[in-house]
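The chain contents come next:
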Amino acid sequence: MSRSPGRKQENHKISRELFVLTYGALVAQLCKDYEKDEDVNACLDRMGYSIGVRLVDDFLARSAVRKCRSYSETADMIAQVAFKMYLGVTPSVSCSSATGNEFSLILDKNPLVDFVEELPAERASLCYCNLLCGVIRGALEMVHLAAEVTFLQDRLKGDAVTEIGITFLRKPEDRKHKRN
Amino acid sequence: MADEALFLLLHSEMVAGLYRAAEQGEGENGRCTTKLESMGFRVGQGLIERFTKDTARFKDELDIMKFICKDFWTTVFKKQIDNLRTNHQGIYVLQDNKFRLLTQMSAGKQYLEHAPKYLAFTCGLIRGGLSNLGIKSIVTAEVSSMPACE
């Protein structure tokens, strides 16, 4: 076979590009269908949620990680294992609250926007990667951790980095324990 | 590779989302298939450009079809096309006995009426790829028994 050894790398790259291009086509189609940015954002979030709900099974099967004992372990797991596995990047995690339930993932390289130069002027408040928020939210909910996930900073809107904020919402059982 | 799971999920979500939106709005089922196909077209164009950057020039149409069946299909769906038939007059039939996007759905005749929705994107993908290689084409798909399709 006259295949060069670099071919496998290329194939992985192309698979990832397939996903990125498909995502771009999806966002473009949604922009055509919906006029308001909020509708597109909501739609992406909803789709991401459904994907996340199923993706977590795939993730747990492939990674065979142990149970996370704390919110910060969960956030680390998402950043270092899940992101690396599916998108090939490792965001850095920082805890941004004293109560220990707010974290942010800072991505200096976001593969989803590889082919996007800038948002068009009339779509200034579009969260291009809103799917990611939905995916994280859906996945966490399937492991019984309710959370709110939003974009705090977005490179496409001019910020220096892309930052995703995860706020774990306290489960009602925790409060019961505290009372006892 | 994990990327595949992500793409499969995104694809099924796209199909479901588009059809859900169509049900709520006007009941134009044909439009959804066209939208999916045109999305596939855009993606196919871009993908084939990046893919054939370093490959040699193709000798003829048959060569291009063989490329699609082997390299392109392997990269996108991790396997080759099982059977390629042609009448040497411009009609080619590509047969995949275990189409990746359908394996998760069923292994027989169940849900057969839903299968075409999942093939629209791939038809667009092939049409886009061929168009950027200089071939104008019409791509249709047929499913007689999942997960095989032509």
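Just above sits the structure.
Description of the structure in this document.

Cut-off values and rules
- Residues numbered from 1 in each chain as written.
- Chains lettered and ligands numbered in written order.
- Predicted model: local features only at pLDDT ≥ 70, side-chain atom pairs only at ≥ 80, totals over all residues.
- Heavy atoms only, no water.
- Helix = DSSP H or I, 4+ residues; strand = E, 2+ residues; numbered from the N terminus.
- Buried < 20%, exposed > 50% of the residue type's maximum accessible area, 1.4 Å probe, protein only.
- Contact = heavy atoms within 4.5 Å.
- Areas by Shrake-Rupley, 256 points an atom, 1.4 Å probe, with all protein chains shown as cover.
- Phe/Tyr/Trp six-rings, centres within 6.5 Å; stacked < 30°, edge-to-face > 60°.
- Core = buried A, V, L, I, M, F, W, Y, C linked by side-chain atoms within 4.5 Å.
- Axes fitted to C-alpha atoms, helices over the stretch in contact; angles between N-to-C directions.
- Parallel < 35°, antiparallel > 145°, perpendicular 65-115°, else oblique.
- Left-handed = near helix turned anticlockwise from the far one by under 90°.
- Nonpolar A, V, L, I, M, F, W, Y, C, P; charged D, E, K, R; others polar.

Before going further, it helps to examine the overall build of chain B. The helix and strand tally for chain B stands at 5 helices and 2 strands. By the burial criterion, 47% of the 150 residues in chain B qualify as buried. Across chain B, contacts joining residues at least 24 apart in sequence account for 59% of those joining residues at least 6 apart. Per element, the accessible surface of chain B, about 7,800 Å² overall, is 48% carbon and sulfur.

Applying the stated rule across the entire model yields 7 aromatic pairs over all chains. Taken together, a centroid distance of 6.2 Å and an interplanar angle of 50 degrees make the contact between B:Phe7 and B:Phe121 tilted. One end of the pair, B:Phe7, is in helix α1 (residues 2–24); the other, B:Phe121, is in helix α5 (residues 115–132), with 114 residues separating them in the sequence. Exposure remark for B:Phe7: the relative accessible area of 5% places this residue in the buried category. Taking the centre distance of 4.7 Å and the plane angle of 50 degrees together, the rings of B:Trp73 and B:Phe77 count as tilted. Residue B:Trp73 and its partner B:Phe77 are located together in helix α3 (residues 61–77), separated by 4 residues, close to a single helical turn. Taking relative accessible area as the criterion, B:Trp73 reaches 4% and is therefore assigned buried. An aromatic cluster is present here, built from A:Tyr71, A:Phe103 and A:Phe168 joined pairwise through their rings.

Residues A:Tyr23, A:Phe83, A:Ile136, A:Ile164, A:Ile166 and B:Phe72 are the most contacted members of the largest nonpolar core, which totals 94 residues. When neighbours within four sequence positions are excluded, A:Tyr23 is seen to be in contact with A:Leu44, A:Leu112, A:Tyr128, A:Cys129, A:Asn130, A:Leu131 and B:Leu10.

Another aspect to go through is the packing of helix α2 (residues 37–63) of chain A against helix α4 (residues 130–142) of chain A. All names here are of chain A. Packing of α2 against α4 brings their axes to within 6 Å, and their N-to-C directions diverge by 40 degrees. By the criterion of interaxial angle, the relationship of α2 to α4 is oblique. Our pair here, α2 against α4, has a crossing hand that is right-handed. Every residue of α4 that contacts α2 at Asn41, Leu44, Asp45, Met47, Gly48, Tyr49, Ile51, Gly52, Val53, Leu55 and Val56 is listed here: Asn130, Leu131, Cys133, Gly134, Val135, Arg137, Gly138, Ala139, Glu141 and Met142. Along the lines of polarity and charge, the residues of the contact of α2 with α4 split into 12 nonpolar, 6 polar and 3 charged.

Residues and elements named next belong to chain A. Tracing the chain through its elements places Ala61 in helix α2. By relative accessible area, Ala61 is classed as exposed at 63%. Distance in space between the C-alpha atoms of Ala61 and Phe19 is 21 Å, their sequence separation being 42 residues.

So yeah, pure geometry; function would need other evidence.
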